[in-house]
Amino acid sequence: MNAVDRLNVLKTYKLYVGGKFPRSESGRVYEVTDSKGKWLANAPLSSRKDARDAVVAARKAFGGWSGATAYNRGQVLYRVAEMLEGRRDQFTREVADAEGLSKSKAAAVVDATIDRWVWYAGWTDKIAQVVGGGNPVAGPFFNLSSPEPTGVVAVLAPQESSFLGLVSVLAPVIATGNTAVVVASEKSPLPALSLAEVLATSDVPGGVVNVLSGRTAEIAAPLAAHQDVNAIDLAGADEALAKELEIAAADNLKRVLRPQPVDYADTPGIGRLTAFLETKTVWHPTGSLGASGSSY
């Protein structure tokens, strides 16, 4: 068959919830265009019900993911980076379209994104040594502090940095044992929806990351008010929306990370790793070692 006789196979982008790819329960979609207004695809327009479903999936996955060893989580995240490397050309095209970049600049962004994922994969089994440790106390006790994940975290992905920014806010959340409900960039959701395909075919358990696309304010409102969401990252909210969401989040004492100016190309530090960690401190009595009366 001559190539000109083929019908183009257009891609249907879907949500990613609980390890599966549903359409929005509302049946709605919205048009996604490139920087010049050219149509790229129809993306799902998520509803409040989709947001609630994603929270249920994230909560179900939390026990297994938070209970895995930090070393194992690092292996899983590194596997994602391997698969991103294999789909580098696809993401280069999508980032170029999403952000209006040349192919060479988009390729540099994709490379930086893969490197960022590897960077966080390396931190999974090291962050405890940095923020945890033994505490000196005046008494016959061990006193040990260790970091633990906060729980289910809603993540509003940055609006303008559709891939590097997305990974920069998502990877530290799951690296530390949390599960995530991600609201993709409203204007440029396609890289996030394609990342979901990579996660689905990697070793990341279903429900650890859930990806929604649509109107940021519409999806974020039920997440901020949801009683089973433990924290929210407002990176993709403007100042007015961030204030509304912070008020809603206060109702169940959510941990809130407010939006702030960030150059996602810079080395990120560990701020986002520690943002969604709690510190557990354990006291344990020391014991006597034999007749000498010495103790440990």
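Residues numbered from 1 in each chain as written. Predicted model: local features only at pLDDT ≥ 70, side-chain atom pairs only at ≥ 80, totals over all residues. Heavy atoms only, no water.

1. Re the pattern of salt bridges
Phase 1: Under the definition given, this model contains 13 salt bridges.
Phase 2: E197 is paired through a salt bridge with R87; the nearest N and O atoms lie 2.8 Å apart. Of the two residues, E197 is situated in helix α7 (residues 190–200) and R87 in the loop between α2 (70–86) and α3 (88–99); the sequence distance between them amounts to 110 residues.
Phase 3: For D233, the salt bridge identified is with R272, shortest N-O distance 2.5 Å. On the criterion of sequence distance, the pair formed by D233 in strand β8 (residues 231–233) and R272 in helix α10 (residues 271–275) is long-range, its members being 39 residues apart. R272 matches D233 in its accessibility class, with the two residues each being buried.
Phase 4: Residues participating in the shared-partner salt-bridge network are K11, R87 and E197. (Salt bridge = Lys/Arg side-chain N within 4 Å of Asp/Glu carboxyl O. Helix = DSSP H or I, 4+ residues; strand = E, 2+ residues; numbered from the N terminus. Buried < 20%, exposed > 50% of the residue type's maximum accessible area, 1.4 Å probe, protein only.)

2. Observations regarding the layout of surface pockets
Phase 1: What the largest pocket holds in volume is close to 320 Å³.
Phase 2: Residue lining of the largest pocket: V9, L10, K11, Y13, W39, L40, A41, Q90, R93, E94, D97 and L190, and that is the complete set.
Phase 3: Listed by contribution, the elements that provide at least two residues to the lining of the largest pocket are β2 (39–44) and α3.
Phase 4: Looking at the lining of the largest pocket element by element, the count peaks at four residues for α3.
Phase 5: For the lining of the largest pocket, the residue count by class is seven nonpolar, one polar and four charged. (1 Å grid on protein atoms, 1.4 Å probe; cavity = no way out; pocket = protein on both sides within 12 Å on 5 of 7 lines; lining within 4 Å. Points joined across faces, edges and corners; volume = space filled by probe spheres on them. Nonpolar A, V, L, I, M, F, W, Y, C, P; charged D, E, K, R; others polar.)

Purely geometric stuff here, so don't read any function into it on its own.
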